[in-house]
Amino acid sequence: MSLRKYLVLAGVAVFAVTGDTLVSSGMKQIGRVALDHLPNIILVVFHPQIALGILFLLAFFACYMAALSWADLTYVLPTTSVSFILLTLVAKFILHENVSLTRWLGVVLISVGIGLVSQGPVLTPQPRRTQANDCLAETASGRMEP
Amino acid sequence: MTQLYAWGAVATIVSTSTCGDVLLSRAMKQVGDVGELRRRSGWAMVLARILRNPNFVLAILAMSTAFYAMLFGLSWADVSLVVPASTSLTFVTNALAAKLFLDERVDHHRWLAAIFVAAGVFLLAF
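Described below are features of the structure shown in this document.

What counts and what doesn't
Residues numbered from 1 in each chain as written. Chains lettered and ligands numbered in written order. Predicted model: local features only at pLDDT ≥ 70, side-chain atom pairs only at ≥ 80, totals over all residues. Helix = DSSP H or I, 4+ residues; strand = E, 2+ residues; numbered from the N terminus. Contact = placed C-beta atoms within 7 Å. Nonpolar A, V, L, I, M, F, W, Y, C, P; charged D, E, K, R; others polar. Axes fitted to C-alpha atoms, helices over the stretch in contact; angles between N-to-C directions. Parallel < 35°, antiparallel > 145°, perpendicular 65-115°, else oblique. Left-handed = near helix turned anticlockwise from the far one by under 90°. Expected span 1.5 Å × (residues − 1). Buried ≥ 20, exposed ≤ 12 C-beta atoms within 10 Å, placed from the backbone.

For the rest of this paragraph, the subject is the overall build of chain B. Scanning chain B from N- to C-terminus turns up six helices and zero strands. Going from the N terminus to the C terminus, chain B shows its helices and strands as α-α-α-α-α-α. Referenced to the eigenvectors of the C-alpha coordinate spread, the extents of chain B come out at roughly 55 × 35 × 25 Å. For chain B, long-range pairs separated by at least 24 residues make up 78% of all intrachain contacts whose partners lie at least 6 apart in sequence.

What follows is the structure, encoded as structure tokens:
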């Protein structure tokens, strides 16, 4: 697998954690949105921290879609669950929260899961998919020829 | 009764979220490797192929349903049950759905990975 693809997978994890953290802390600053003032929920997107969080979540979704274009769903989901480990490390070392032993056990189990899936192939070979890519290549090369 | 609502919310979130992931994966496989497609035909072609794909539109609908089911679930039921249970179960149902509907080769390594990650994610809530 190329470096670009590793970066896309890392992007899925890092952008998800950053986006979630920014939106969550932004919402805490705003406080509860009352049900009788529901239009206020639209205005929260103009809060700088929430707006930045939404941008990161869009970047997460773009990376997730890119990863699914060349990797199996059962490869992408476990490998990008490294985001849960990052979230725990951020909670412990940046937010100085108390992380329980059960939570560390969860981190160990996720790490084992990532290790198990990352040893195997990235994509299941599918005959139809190969044909589709060949057609795409022919179309592209045909377009380049005068 | 509250437990019934909670598990109903979990079932709705897990099923719609799995549908969303499977449909998105199918859509992106039909679009092809985004990096290669961008080099050959440019970003406009990538966007056009994604937005014209019916599976992509259905995936967004399913994911939006999952999001609203989560919001409603959280307003009825216990957060400490709904969030970890739905997030972790989705890893297992996705492995099953990928094998059944996407013809992915889910060998014992991938099954174990899905189960380990699901258990780990569940434990993170405590």
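Structure's up, so let's keep going.
Let us now look at the interface of chain A and chain B. The interface is formed by 35 residues belonging to chain A together with 36 residues belonging to chain B. If you list the elements that add at least two residues to the side of chain A that touches chain B, you get α3 (48–70), α4 (73–79), α5 (82–93), α6 (101–118) and α7 (127–144) of chain A. When residues of the side of chain A that touches chain B are assigned to their parent elements, the largest contribution, eleven residues, is made by α6 of chain A. Grouping the amino acids of the side of chain A that touches chain B by side-chain chemistry returns 18 nonpolar, 13 polar and four charged.

Residue and element names in this part refer to chain A. Viewed as axis vectors pointing N to C, α5 and α6 meet at an angle of 150°, and their least axial separation amounts to 9 Å. With respect to their mutual orientation, α5 and α6 come out roughly antiparallel. As α5 packs across α6, the resulting crossing turns out to be left-handed. Residues Val82, Phe84, Ile85 and Thr88 of α5 pack against Arg103, Val107, Ile110, Ser111 and Ile114 of α6. For the contact of α5 with α6, a count of residues per class yields six nonpolar, two polar and one charged.

Our focus in this paragraph is helix α1 (residues 3–30) of chain A. Residues and elements named next belong to chain A. The terminal C-alpha atoms of α1 lie 40 Å apart, and with 28 residues this matches the ideal 40 Å at 1.5 Å per residue to within 8%. Of the surrounding elements, those touching the buried residues of α1 are α3, α4 and α5. Once α1 ends, the next one or two residues include glycine 31, with phi positive near 90°.

Residue and element names in this part refer to chain A. Here valine 23 is to be found in helix α1. A C-alpha to C-alpha distance of 7.1 Å links valine 23 and isoleucine 54, two positions 31 residues apart in sequence. The contacts of valine 23, once residues within four sequence positions are left out, are Ile50, Gly53 and Ile54.

Attention now goes to the environment of glycine 35 of chain B. Residues and elements named next belong to chain B. By secondary structure assignment, the location of glycine 35 is in helix α2 (residues 34–41). Exposure remark for glycine 35: the 16 C-beta atoms within 10 Å place this residue in the partly exposed category. Once the C-alpha coordinates of glycine 35 and valine 46 are considered, the two residues, eleven residues apart in sequence, prove to be 9.1 Å apart.

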